[in-house]
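Chain residues, written in single-letter form:
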Amino acid sequence: MDAEFLFDASQFSNDFCPGYNVISGYLDKNLAAKQRKMLEAHLSMCRECRMKLFDLRAILNEING
Ligand SMILES: [Zn+2]
């Protein structure tokens, strides 16, 4: 699966929060390295997205046991 379609990196700025699909792609390791870096940079600045990441990780842990 090509991760490029998940979001356009050019739209991805400090003001733009990625959707759950992007964050779940990150957790599933489906993001390209560049996208992952950008997301990590965003996460370091955005508490809201860190909460999303936390939520999603908890959900995935439930699913995967
Ligand atoms: Zn955010």
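Note that the structure is a prediction, hence the values are computed from the model and not measured. (Residues numbered from 1 in each chain as written. Predicted model: local features only at pLDDT ≥ 70, side-chain atom pairs only at ≥ 80, totals over all residues.)

(A) Quick peek at the overall build of the protein chain. When its secondary structure is counted, the protein chain shows 3 helices and 0 strands. In the protein chain, once contacts between residues fewer than 6 apart in sequence are set aside, the share between residues at least 24 apart is 61%. (Helix = DSSP H or I, 4+ residues; strand = E, 2+ residues; numbered from the N terminus. Contact = placed C-beta atoms within 7 Å.)

(B) Spotlight on the nonpolar core. Membership of the largest hydrophobic core is limited to 6 residues, which are V22, I23, Y26, L31, L39 and L53. Once residues within four sequence positions are removed from consideration, Y26 is found in contact with L31, R36 and L39. (Core = buried A, V, L, I, M, F, W, Y, C linked by C-beta atoms within 7 Å. Buried ≥ 20, exposed ≤ 12 C-beta atoms within 10 Å, placed from the backbone.)

(C) Looking closely at helix 1 (residues 20–27). Every buried residue of helix 1 is listed here: V22, I23, G25 and Y26. The buried residues of helix 1 occupy an angular sector of 155° when the element is viewed end-on, so they sit on one face. Of the surrounding secondary structure, the elements contacted by the buried residues of helix 1 are helix 2 (33–45) and helix 3 (47–64). (Arc of directions from axis to C-beta.)

(D) Focus on helix 2. The end-to-end C-alpha distance of helix 2 is 19 Å, a good match for the 18 Å that 13 residues give at a rise of 1.5 Å each. Its buried side turned inward, helix 2 meets helix 1 and helix 3. (Expected span 1.5 Å × (residues − 1).)

(E) Main features of the environment of V22. Of note, V22 is situated in helix 1. Separated by 13 residues in sequence, V22 and Q35 place their C-alpha atoms 9.1 Å apart.

(F) Here's a closer look at unusual backbone geometry. A positive phi angle, near 60°, is found at K29, a position not held by glycine. Among the secondary structure elements, K29 is positioned in the loop between helix 1 and helix 2. The class of K29 is exposed, set by 8 C-beta atoms lying within 10 Å.

(G) Representation of the packing of helix 1 against helix 3 in the model. Direction vectors running N to C along helix 1 and helix 3 enclose 60°, while the axes themselves pass 10 Å from each other. When the axes of helix 1 and helix 3 are compared, the pair comes out oblique. Here helix 1 and helix 3 pass one another in a crossing that is right-handed. Only C49, K52, L53, L56, R57 and L60 of helix 3 make contact with helix 1, whose side of the interface consists of Y20, I23, S24 and L27. Residues belonging to the contact of helix 1 with helix 3 are distributed by class as follows: 7 nonpolar, 1 polar and 2 charged. (Axes fitted to C-alpha atoms, helices over the stretch in contact; angles between N-to-C directions. Parallel < 35°, antiparallel > 145°, perpendicular 65-115°, else oblique. Left-handed = near helix turned anticlockwise from the far one by under 90°. Nonpolar A, V, L, I, M, F, W, Y, C, P; charged D, E, K, R; others polar.)

Any functional reading would require information beyond the geometric quantities listed.
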